[in-house]
Amino acid sequence: MIYTEEDFYRISEEWLRAGWDTKYVYGFTWLGRPIIQLPEDMIRVQEVIYRVKPDIIIETGIAHGGSLIFYASLLRLINNGYVIGIDVDIREHNFQAIRNHEINAGEDIIMIEGSSIDEKVIAVVDEYITSNPRVMVILDSCHKKDHVLAELRAYSKFVSVGSYIVACDGIAKDMAGAPRTTEDWSWDNPQEAVKEFLAENDNFVMENPPIPFNEGEIKKPVTYWKNGYIRRLK
Ligand SMILES: C[S@@+](CC[C@H](N)C(=O)[O-])C[C@H]1O[C@@H](n2cnc3c(N)ncnc32)[C@H](O)[C@@H]1O
C-alpha cells in the first residue's frame, strides 16, 4: 500500500485527536521552560517570525513561559526585538524562571499580570508600542469565543501592516466532546471569534502563511492553530 496526501491528512486528524486525549502537547520544553504547543506550530510560526521580523511580539497567555522564551530567543537571533507577555495569573516560580532566564539578559521580556482584555492592561501594552515598531500578536490565553473576539478587537490595532495576529487553538472546535472539553466548544471557540472579527474588520484577512520550503506533497499544516493566522492588509 502506498499512502497518499489525502491519507496523510486523514491520519493527521486522528493523530491530533489521540494527541489531545493523551495530552501530547504537554510534553515539550524550549530552552528549559515547558511550552504547550504542537512542535509543527512552533516551526511554522518561526517561519513567519523570520519573514515578518517583528520588533515586538505580544503574547497573551504565558503559563510556564516556554512560548515567551521561544519568541524572545528567535527575536534575539534575528533583530534584538522584544516580547510582551500577558497572563491573568503569573505564578511566582514561573515569573522568576522567566525573569532569570539566560535569554532575558537584556531584560527584553516584559510580563504584565492581568486579564488580557482589561482596559488597564491594554493601556500598559500601548505604552510600550512607541516609534512605530513592527508588531506581531499571538493570542493564547482563554480560548472562549467572546474572549478571543475581545482580544482581536483590542490587540489588532497594534499589528503592523503585513504582520499577523494569531488566534491559537482553533482546534478546540474539532475537540468538542473529547476529554477536558464541553459540547459547547463546537461554537464557543477561537475559529468563531476569527469569523466574527473578519466580518466586522476588512483591514485583515485569514491566511495560512505560505510554506517557504516544500519539496514534499503535504500542503496543509498539521496544527492546533486552525484558521488562526490573520494578516493585516492595510
Ligand atoms: C494555553 S496556556 C498558555 C500556553 C503558553 N502560551 C505556551 O505556549 O506554553 C493559557 C494561559 O492563559 C492564561 N489566561 C487565562 N485567562 C486569561 C485572561 N483572561 N487573560 C490573560 N491570560 C489568561 C492562563 O492563566 C494560562 O496561563
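Residues numbered from 1 in each chain as written. Predicted model: local features only at pLDDT ≥ 70, side-chain atom pairs only at ≥ 80, totals over all residues. Heavy atoms only, no water.

Draft legend 1. Inspection of the pattern of salt bridges at higher detail. Using the criterion set out here, one finds 15 salt bridges in the structure. Its salt-bridge partner being R17, residue D21 comes within 2.9 Å of it at the nearest N-O pair. With D21 and R17 both in helix 1 (residues 5-22), this residue pair falls 4 residues apart, about one helical turn. Between K195 and E192 there is a salt bridge, with its nearest N and O atoms 3.3 Å apart. Placement of the pair is K195 and E192 together in helix 8 (residues 190-200), with a separation of 3 residues, close to one helical turn. Note on E192: relative accessible area 17%, which makes it buried. (Salt bridge = Lys/Arg side-chain N within 4 Å of Asp/Glu carboxyl O. Helix = DSSP H or I, 4+ residues; strand = E, 2+ residues; numbered from the N terminus. Buried < 20%, exposed > 50% of the residue type's maximum accessible area, 1.4 Å probe, protein only.)

Draft legend 2. Fine view of the site of the ligand. The local shell around the ligand holds 17 residues, among which I36, Q37, G61, D87 and D140 are the closest. A distance of 3.0 Å separates a nitrogen atom of the ligand from a polar side-chain atom of S67. One of the side-chain N or O atoms of D87 is found 2.7 Å from an oxygen atom in the ligand. Within the complex, the protein chains bury 81% of what would otherwise be the 610 Å² of accessible surface of the ligand. The residue inventory of the shell around the ligand, partitioned by class, reads 6 nonpolar, 8 polar and 3 charged. (Near = heavy atom within 4 Å. Polar contact = N/O pair within 3.5 Å; in protein donor to acceptor, adjacent residues only side chain to side chain. Areas by Shrake-Rupley, 256 points an atom, 1.4 Å probe, with all protein chains shown as cover. Nonpolar A, V, L, I, M, F, W, Y, C, P; charged D, E, K, R; others polar.)

Draft legend 3. Focus on the packing of helix 6 (residues 145-155) against helix 8. Where helix 6 contacts helix 8, the two axes come as close as 8 Å, and the packing angle between them is 40°. By the angle between their axes, helix 6 is oblique relative to helix 8. Crossing of helix 6 against helix 8: the hand is right-handed. When helix 6 is examined against helix 8, the residues K145, V148, L149, L152 and R153 are found in contact with a partner set consisting of P190, E192, A193, V194, E196, F197 and E200. Across the contact of helix 6 with helix 8, the residue classes tally to 7 nonpolar, no polar and 5 charged. (Axes fitted to C-alpha atoms, helices over the stretch in contact; angles between N-to-C directions. Parallel < 35°, antiparallel > 145°, perpendicular 65-115°, else oblique. Left-handed = near helix turned anticlockwise from the far one by under 90°. Contact = heavy atoms within 4.5 Å.)

Draft legend 4. Fine view of the nonpolar core. Counting residues in hydrophobic clusters, the biggest one holds 37 residues, and the most contacted among them are V45, Y71 and I109. For this core, the secondary structure elements donating two or more residues are helix 1, helix 2 (39-52), helix 3 (66-78), strand 5 (109-113), strand 6 (135-139) and strand 7 (164-167). In terms of residue count, the dominant contributor to this core is helix 3 (7 residues). Sequence-distant contacts of V45, that is, excluding residues within four places in its chain, are made with F70, Y71, M136, I138, W225 and Y229. Counting residues in each nonpolar core, the second largest holds 27 residues, with I122, L139, A193 and V194 among its members. (Core = buried A, V, L, I, M, F, W, Y, C linked by side-chain atoms within 4.5 Å.)

Draft legend 5. Focus on the packing of aromatic side chains. Counting across every chain of the model gives 11 aromatic pairs. For the pair F8 and Y9, a centre-to-centre distance of 6.2 Å together with 75° between the ring planes defines the contact as edge-to-face. Centroid distance F70 to Y71: 5.5 Å. Interplanar angle 50°. Geometry classified as tilted. The class for Y71 is buried, based on a relative accessible area of 1%. An aromatic cluster of three or more residues is present, and its members are W15, Y24 and F28. (Phe/Tyr/Trp six-rings, centres within 6.5 Å; stacked < 30°, edge-to-face > 60°.)

Draft legend 6. Geometry of unusual backbone geometry. Positive phi values are uncommon outside glycine, yet N132 reaches one of about 55°. Relative to the elements of secondary structure, N132 occurs in the loop between helix 5 (119-128) and strand 6. The backbone of D169 sits at a positive phi, close to 65°, despite the residue not being glycine. For D169, the location among the structural elements is in the loop between strand 7 and helix 7 (172-175).

Draft legend 7. Quick look at the sheet that holds strand 3 (residues 56-60). Spatially, 5-4-3-6-7-9-8 is the arrangement adopted by the 7 strands of the open sheet, whose pairing is mixed. Each end of this open sheet is capped by a strand with a single partner; those strands are strand 5 and strand 8 (204-206). For this sheet, the mean inter-axis angle between neighbouring strands, taken without regard to orientation, is 15°. Taken together, the 5 bridges between strand 4 (residues 82-87) and strand 5 define a ladder with parallel strand orientation. Across the sheet, V83 pairs through a bridge with I109, a residue of strand 5. Sheet strands in contact with helix 8 are strand 7, strand 8 and strand 9 (229-232), and its direction is about 140° off that of strand 8. (Pairing = 2+ DSSP bridges.)

Structural measurements only, silent on function.
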